[in-house]
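Spelled out, the chains give:
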Amino acid sequence: MVCLGNICRSPLAEGILKSKLDPNKYIVASCGTSNYHIGSKPDKRSIDIARKHNIDITEQRAAQFNVNNFKTYDYIYAMDNSNYQNIIKLASNNTEINKVKLILEELYPNQNLDVPDPYYGGEQGFEDVYQMLNKTCDTIVSILEKRH
């Protein structure tokens, strides 16, 4: 799960997907394409929205996406088109590029939709992002269960 700073959207996506998958079968992580917040906890508003939905993301720490992520993970979900472009610029071949997808493509194929960044918005923006990611993660779980 990848966004810009790894403090709002991607930590929520990580927490939501982890809550829906068997931890013995799947590794779910998040990071950002920037180095702005490395080592920081998720934004308090993301923590609060996750907690409201019985998900604890307080142990997460922001990390930066790097080329090793292509080797470590089978699926790389970008929260928006800008971060998608930043990720694929680091890819060294088509196999790596093919691992990267806009997260909302799983729910709305071929629509190129972004998960809006709630950072500068209010509480409702974080709730809206949570609902969007929760619904998308249900679809991802269905996809993974069919493939594995």
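Structure: above.
Residues numbered from 1 in each chain as written. Predicted model: local features only at pLDDT ≥ 70, side-chain atom pairs only at ≥ 80, totals over all residues. Heavy atoms only, no water.

**Q** Is there a simple way to think about the packing of helix 2 (residues 44–52) against helix 6 (residues 123–147) in this case?
**A** Relative placement of two packed helices is described by the angle separating their axes and the distance separating the axes. The contact between helix 2 and helix 6 brings their axes to 10 Å, and the two run at 55°. The orientation of helix 2 with respect to helix 6, classified from their angle, is oblique. Judged by the sense of rotation from one axis to the other, the crossing of helix 2 with helix 6 is right-handed. Here helix 2 contributes R45, S46, I49 and K52 to the contact with helix 6, which in turn contributes E123, F126, E127 and Y130. Tallied by class, the residues present in the contact of helix 2 with helix 6 amount to three nonpolar, one polar and four charged. (Axes fitted to C-alpha atoms, helices over the stretch in contact; angles between N-to-C directions. Helix = DSSP H or I, 4+ residues; strand = E, 2+ residues; numbered from the N terminus. Parallel < 35°, antiparallel > 145°, perpendicular 65-115°, else oblique. Left-handed = near helix turned anticlockwise from the far one by under 90°. Contact = heavy atoms within 4.5 Å. Nonpolar A, V, L, I, M, F, W, Y, C, P; charged D, E, K, R; others polar.)

**Q** In this structure, what is going on with the nonpolar core? I would like to understand it.
**A** A general feature of soluble globular proteins is that nonpolar side chains tend to end up buried together. Among the nonpolar cores identified, the biggest contains 30 residues, and M1, L17, M79, I103 and L133 are the most heavily contacted of them. Of all the secondary-structure elements, those providing two or more residues to this core are helix 1 (9–20), helix 2 and helix 6. With residues near it in sequence (within four places) discarded, L133 still touches R9, L12, A13, I16, M79, I103 and V115. Within the second largest apolar cluster, eleven residues are counted, among which are C31, F65, F70 and A78. (Core = buried A, V, L, I, M, F, W, Y, C linked by side-chain atoms within 4.5 Å. Buried < 20%, exposed > 50% of the residue type's maximum accessible area, 1.4 Å probe, protein only.)

**Q** Is there a simple way to explain the packing of aromatic side chains in this structure?
**A** Ring pairs (aromatic) are described by centroid distance and by the angle formed between their planes. With the rule as written, the count across this model stands at two aromatic pairs. Ring geometry for Y119 and Y120: centres 4.8 Å apart, planes at 85°, overall edge-to-face. Looking at Y120, the relative accessible area reads 78%, which means it is exposed. In this structure, R45 packs its charged tip against the face of Y119, placed 5.3 Å from the ring centre. (Phe/Tyr/Trp six-rings, centres within 6.5 Å; stacked < 30°, edge-to-face > 60°. Lys NZ or Arg CZ within 6 Å of the ring centre and 35° of its normal.)

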